Amino acid sequence: MHSLYNISVLFYGLGIRIASLFNPKAKAWVKGRKGILDTLPKVTGKNVIWFHCASLGEFDQGLPLMDKIKEEDPSIFLLITFFSPSGMDFHHKRQHKADHVMYLPLDTPRNAKRFIEHFKPNKALFVKYEFWSNHIFAGKANGTEFYNVSGLFRQKHRFFKWYGGFFRRTLQQFDHFFVQNEDSKQLLNSININQVTITGDSRFDRVIENKSKVENNEIIEQFKNGEELFIIGSSWPDDEKILAPWINAQSGKVLVAPHNVDEEHVKGILSKVANAVLYTQASGDLSKEKVMILDTIGQLANAYAYGEFAYVGGGFSGSLHNILEPAVFGLPVIFGPKHERFPEAETFIQRGFGISVATTEELSKGIDSIKANRGELKQREMEFVAMNAGASEKIYQAVFA
């Protein structure tokens, strides 16, 4: 099975190279890994702690723990690897203490051996998911301790299938799993992995930290002008199809922060929404504007501080974005119908401060419902976020204290 895995990795790499001829993201994936193992920093004599994050979302999830590690021991060499270009392209938008950030090399035995033999990480922490077998096997052979941070497992994952023996062996290399919920713990126990602790989701720590560092935004403040503000965060075209008719039909203030801020996407929003102003071109008396498009990266988390309620995108593709970012400010959250991979979404619905919608009509009814109970929902939501904090500290105490 290991041989089949290695062959599949090679074919995956080939497929990405072919896709890079016409896909910008695939092109970035290939270009970012070119010669990557020939330009590694010197780490001789240093205590290397390695975090692997699939993309920017997992980086955010791991940041509170990364910060804690560096605060307690600044001499540690903090190594971060990403699989996706989104992490490499935007990690610099976050304040962090990483010593070296790079793409994870394609998971071949040769690449993994070179990577591990160079860095010799003392501990490796894989955030949420992505378990690259050759890097894990090479690290374990070199004495690296492996931990899973804020893990989230589902029955459909290959580890729990009849053909998943090789992938189960990969998980068995881990010294401990710190998972988000009881379901994940039970699934791991079902394949005889018992070194598991439920610590919750470290994203709660991250959004609480973000809230404490919110800075004033004069442009959004002038635009809001003391009025009720509906914030649409990380929207995709499928979200915008149901949002645009509602935006055009109502008279309140709306801030739209699309997931992709490329020119084509922004033009698409402008074609659907009447009388919108771009954040990057905002000038004059913004208080008279009805809709603002946040056409830049790095402002959304702060922008939620100005809102009364929010819509978070990605729920039409099954890739729901972070609903905790608005929740920490007490904004009830609306999102699309495909959210089964995100247990926090179901919890929000059950507790009343989350609403799933599939049409403009459902969106309108959801907003009316929120407005009627916003004060109560805000209080309950903020209490819920505070109650779920502390995962990063628990993991730190278990692994590093």
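For every chain, the first residue of the written sequence is number 1, and numbering continues from 1 onward in sequence order. Only residues with pLDDT of at least 70 are given local features in this predicted model, and only at 80 or more are side-chain atom pairs given and counted; all residues enter the totals for whole chains, interfaces and linings. Water and hydrogen atoms were dropped before computing side-chain values, which therefore reflect all heavy atoms in the structure.

On to the packing of helix 3 (residues 56-72) against helix 18 (residues 391-399). Between N-to-C directions, angles cover 0 to 180 degrees, with each direction set by a line fitted to C-alpha atoms, over the stretch in contact for helices. Runs of H or I in DSSP of at least four residues are treated as helices and runs of E of at least two as strands, each being numbered from the N terminus. Interaxial distance between helix 3 and helix 18 falls to 9 Å at its minimum, and their mutual angle equals 45 degrees. Taken together, the axis directions place helix 3 and helix 18 in an arrangement best described as oblique. With respect to the hand of their crossing, helix 3 and helix 18 are arranged in right-handed fashion. Here Pro64, Leu65, Lys68, Ile69 and Glu72 of helix 3 come into contact with helix 18, specifically with Ser392, Glu393, Ile395 and Tyr396. Residues are grouped as follows: nonpolar covers Ala, Val, Leu, Ile, Met, Phe, Trp, Tyr, Cys and Pro; charged covers Asp, Glu, Lys and Arg; every other residue, Gly included, is treated as polar. Considering only residue class, the contact of helix 3 with helix 18 consists of 5 nonpolar, 1 polar and 3 charged. Angle categories: roughly parallel below 35 degrees, roughly antiparallel above 145, roughly perpendicular from 65 to 115, and oblique for all the rest. Crossings are classed by handedness, with left-handed meaning an anticlockwise turn of the near helix from the far one by less than a right angle and right-handed meaning a clockwise turn. The criterion used for residue contact is that any of the two residues' heavy atoms lie within 4.5 Å.

Below, the discussion takes up a nonpolar patch on the surface. Residues form patches when they are more than 30% accessible in relative terms and have no salt bridge. Like charges link within 9 Å. Nonpolar side chains (Val, Leu, Ile, Met, Phe, Trp, Tyr) link within 5 Å. Surface accessibility in these figures is a Shrake-Rupley result with a 1.4 Å probe; residues are shielded only by whichever protein chains are displayed. Any carboxyl oxygen of Asp or Glu within 4 Å of a side-chain nitrogen of Lys or Arg constitutes a salt bridge here. Together, Met1, Leu4, Ile7, Phe11, Leu14, Ile18, Leu21 and Phe22 line one region of the surface with nonpolar side chains, adding up to about 930 Å² of accessible area. Looking at the element boundaries, Phe22 is found in the loop between helix 1 (2-19) and helix 2 (24-33).

Here we come to unusual backbone geometry. Although it is not a glycine, Glu130 adopts a positive phi angle of roughly 75 degrees. Phi is positive for Ser234, which is not a glycine, with a value near 55 degrees. Among the structural elements, Ser234 can be located in strand 8 (residues 229-235). Using a 1.4 Å probe on the protein chains alone, a residue whose accessible area is under 20% of its type maximum counts as buried, one over 50% counts as exposed, and one in between counts as partly exposed. By relative accessible area, which is 14% here, Ser234 ends up buried.

Turning our attention to the sheet that holds strand 11 (residues 291-293). Should DSSP find at least two bridges between two strands, the strands are regarded as paired. Taken together, 7 strands build an open sheet; the order of strands is 10-11-9-8-12-13-14 and the sheet is parallel. Two strands in the sheet have a free side with no partner beyond their single neighbour: strand 10 (276-278) and strand 14 (354-356). Across this sheet, the average inter-strand angle for adjacent strands is 20 degrees, counted without regard to direction. Here 3 bridges tie strand 12 (residues 309-312) to strand 13 (residues 333-335), and the two strands are oriented parallel to one another. In the sheet register, Tyr311 faces strand 13, and the bridge partner there is Ile334. Together, strand 8, strand 9 (253-258), strand 11 and strand 12 form the strand contacts of helix 11 (residues 237-249), whose direction differs from that of strand 8 by roughly 160 degrees.

Taken together, 7 strands build an open sheet; the order of strands is 3-2-1-4-5-6-7 and the sheet is parallel. The two strands at the open ends of the sheet, each matched to only one other strand, are strand 3 (100-103) and strand 7 (196-198). Direction aside, neighbouring strands of the sheet carry axes that sit 20 degrees apart on average. Judged from the 4 bridges that link them, strand 5 (residues 145-151) and strand 6 (residues 176-179) form a sheet pairing that is parallel. Across the sheet, the residue bridging to Gly151 is Val179, located in strand 6. Sitting on the sheet, helix 6 (residues 133-141) is in contact with strand 1 (48-53), strand 4 (123-127) and strand 5, with an inclination near 135 degrees to strand 5.

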